[in-house]
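Structural characterization, general
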Amino acid sequence: SRPARGSSGKMAAPMSRGSRGPEPGAAPYGNFPNYSRFHPPEGRVSLLPRGLLRPLFPAATRPLLGLDVGCNSGELSVALYQHLVGLQESNSSPEPPGAGRELNLLCCDIDPELIRRAQQSSPFPASISFASLDIMDSGAREPFLSSYLERFGRSSFDIGFCMSVTMWIHLNHGDGGLLEFLALLASLCTFLLVEPQPWKCYRAAARRLRRLGRDDFEHFRSLRINGDMAESVTRILTQECAMELVRSFGSTSWDRSLLLFKSTSARPEGSD
């Protein structure tokens, strides 16, 4: 949960090097060092059918490409990979032969330290790539993503994951930033799995910053897109980004909806 920084390109809230690390909520982009401890991956992947990629792409003859934006230190990315390609936990190490023939997953996060941790702990180095990237910095994003896609002879990703990221984009880049971000993902991905944070999380994030004596989020008080964020994200993607809602997989224990969208633009499987 977690890309997005200001145009200066500087990270706010530097990581504490103490043994305890920064307290949850101290990271203004959601780049919490121990995120998966207080929001475990199982709470999300358990809502999704195991092996979901096969029915979504029944005619796939090449490896599918996935993009996970705001991957933090990678625990959820790995859990999604295992679950969606139908691997059992016990098969996770060593990497099953040929696993990368089914799905290659590119995971990015704004925080280089979290990415370093993800790279060190990944059980699937041949199938899952981790990279430090500010997805809202078009100057860095466009050459990086183009280069990755070209390696596979592709111009887009088959599936994108945006798990508890929309709030951080929204708080740091405003309504315009959220619209730009969702339009970007819709243009890059045939399917898109989104887990929007509800509005109560925005208020909680703002309260935490104030309690820590930090400046408020620049855009928080001026956001016109507010209230039911799952509904807002759905409306934006379906009305403005040429996507349709395929399925809602229910809500996590944190009251976050898991929503699967599909591009309505003509993008036949295997065409690129």
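The structure this text deals with has already been given above.
One structure accompanies this document, and this report is about it. Counting of residues starts from 1 at the beginning of each chain's written sequence and follows it residue by residue. In keeping with the predicted nature of the model, local features appear solely for residues at pLDDT of at least 70, side-chain atom pairs appear and are counted solely at 80 or more, and the whole-chain, interface and lining totals rest on all residues. Side-chain figures throughout are based on the complete set of non-hydrogen atoms in the structure, without hydrogens or water.

Before going further, it helps to examine the packing of aromatic side chains. Each Phe, Tyr or Trp ring, with Trp reduced to its six-membered ring, pairs with another whose centre is within 6.5 Å; inter-plane angles below 30 degrees give stacked pairs, above 60 give edge-to-face pairs, and intermediate values give tilted ones. For the coordinates displayed, the defined rule picks out seven aromatic pairs. Ring centres of Tyr-81 and Phe-124 lie 4.8 Å apart, and the angle between their planes is 45°; on these two criteria the pair is classed as tilted. Of the two residues, Tyr-81 is situated in helix α4 (residues 75-84) and Phe-124 in the loop between α5 (112-121) and β3 (128-132); the sequence distance between them amounts to 43 residues. An identical accessibility class is assigned to Tyr-81 and Phe-124; each is buried. What links up through ring pairs into an aromatic cluster is the set Tyr-148, Phe-152 and Phe-157. Note on conventions: DSSP H or I runs of at least 4 residues are helices, E runs of at least 2 residues are strands, and numbering of each starts at the N terminus. Only protein chains enter the accessibility calculation, which uses a 1.4 Å probe. A residue is then buried if its area is under 20% of the maximum for its type, exposed if over 50%, and partly exposed in between.

Note on backbone geometry: most residues besides glycine have negative phi, and most peptide bonds are trans. Not every positive phi belongs to a glycine, and Asn-72 is a case in point at roughly 55°. With respect to the element layout, Asn-72 can be found in the loop between β1 (64-69) and α4. Looking at Asn-72, the relative accessible area reads 3%, which means it is buried. Here Ala-242, not a glycine, exhibits a phi torsion of approximately 55°, which is positive.

Counting 47 residues, the largest nonpolar core has Ile-135, Phe-157, Leu-171, Phe-181 and Leu-237 as the members making the most contacts within it. At eleven residues, helix α7 (residues 166-188) tops the list of elements feeding residues into this core. If we ignore the near neighbours within four places in the chain, the residues touching Leu-237 are Leu-182, Ala-186, Leu-192, Val-194, Ala-242, Met-243 and Phe-261. Side-chain atoms within 4.5 Å link the members of a nonpolar core, which is a set of buried Ala, Val, Leu, Ile, Met, Phe, Trp, Tyr and Cys residues. In this structure, Val-45, Leu-64, Phe-161 and Met-163 belong to the second largest nonpolar core, which totals 32 residues. Any two residues whose heavy atoms approach within 4.5 Å are treated as being in contact.

Bringing the sheet that holds strand β2 (residues 103-109) into the picture now. Hydrogen bonds between backbone atoms are what pair the strands of a sheet, whose relative direction is either parallel or antiparallel. Between any two strands, at least two bridges found by DSSP are needed for them to pair. Taken together, the seven strands give an open sheet; going across it, the order is β3-β2-β1-β4-β5-β7-β6, and neighbouring strands pair in mixed fashion. Only two strands of the sheet have a single partner each, and these edge strands are β3 and β6 (243-251). Each neighbouring strand pair of the sheet contributes to a mean axis angle of 15°, computed without reference to strand direction. A fitted line through C-alpha atoms represents every axis, and for helices the fit uses only the stretch in contact; the resulting angles, taken between N-to-C directions, go from 0 to 180 degrees.

Let us now look at the pattern of salt bridges. We count a salt bridge whenever a side-chain nitrogen from Lys or Arg sits within 4 Å of a carboxyl oxygen from Asp or Glu. Inspection of the entire model under this criterion finds nine salt bridges. With a closest N to O distance of 2.4 Å, Glu-113 and Arg-116 form a salt bridge. Taken as a pair, Glu-113 and Arg-116 lie in helix α5 at a separation of three residues, close to a single helical turn. For Arg-116, a relative accessible area of 37% gives the class partly exposed. Of the charged contacts in the structure, one is a salt bridge between Arg-235 and Glu-240, with a shortest N-O distance of 3.9 Å.

What follows is about helix α8 (residues 199-211). The span you would expect from a helix comes to 1.5 Å times its residue count less one. Its 13 residues give α8 an end-to-end C-alpha distance of 19 Å, which sits within 8% of 18 Å, the value for a rise of 1.5 Å per residue. Those residues of α8 not exposed but buried are Trp-199, Cys-201, Tyr-202, Ala-204, Ala-205, Ala-206 and Leu-209. The secondary structure elements touched by the buried residues of α8 are α7 and α9 (229-240). Just downstream of α8 lies Gly-213, where phi reads positive at about 75°.

This paragraph deals with the pairing of strand β5 (residues 189-195). Note on strand geometry: in a regular strand, side chains alternate between the two faces of the sheet. Counting buried positions along β5 gives seven out of seven residues, so the element sits mostly inside the fold. Judged from the six bridges that link them, strand β4 (residues 157-163) and β5 form a sheet pairing that is parallel. From the neighbouring strand, Phe-157 faces β5, where its bridge partner is Cys-189. A crossover counts as right-handed when, viewed with the strands pointing away from the observer, the path leading from the first strand over the helix to the second turns clockwise. This β-α-β element, β4 to α7 to β5, shows right-handed connectivity. In terms of strand pairing, β5 meets strand β7 (residues 257-263) through four bridges, oriented antiparallel. Its bridge partner being in β7, Val-194 is matched across the sheet by Leu-259.

Take the packing of α7 against α8 next. The N-to-C vectors of α7 and α8 enclose an angle of 60°; their axes lie 11 Å apart at closest approach. Taken as axis vectors, α7 and α8 run oblique relative to one another. When you trace α7 past α8, the crossing you get is right-handed. For the pair formed by α7 and α8, the contact residues are Thr-166, Met-167, Trp-168, His-170 and Leu-171 on the first element and Cys-201, Tyr-202, Ala-205 and Arg-208 on the second. Angular relationships are summarised with four words: roughly parallel below 35 degrees, roughly antiparallel beyond 145, roughly perpendicular across 65 to 115, and oblique for the angles in between. The handedness criterion is simple: a crossing whose near helix is rotated anticlockwise from the far helix by less than a right angle is left-handed, and one whose near helix is rotated clockwise is right-handed.

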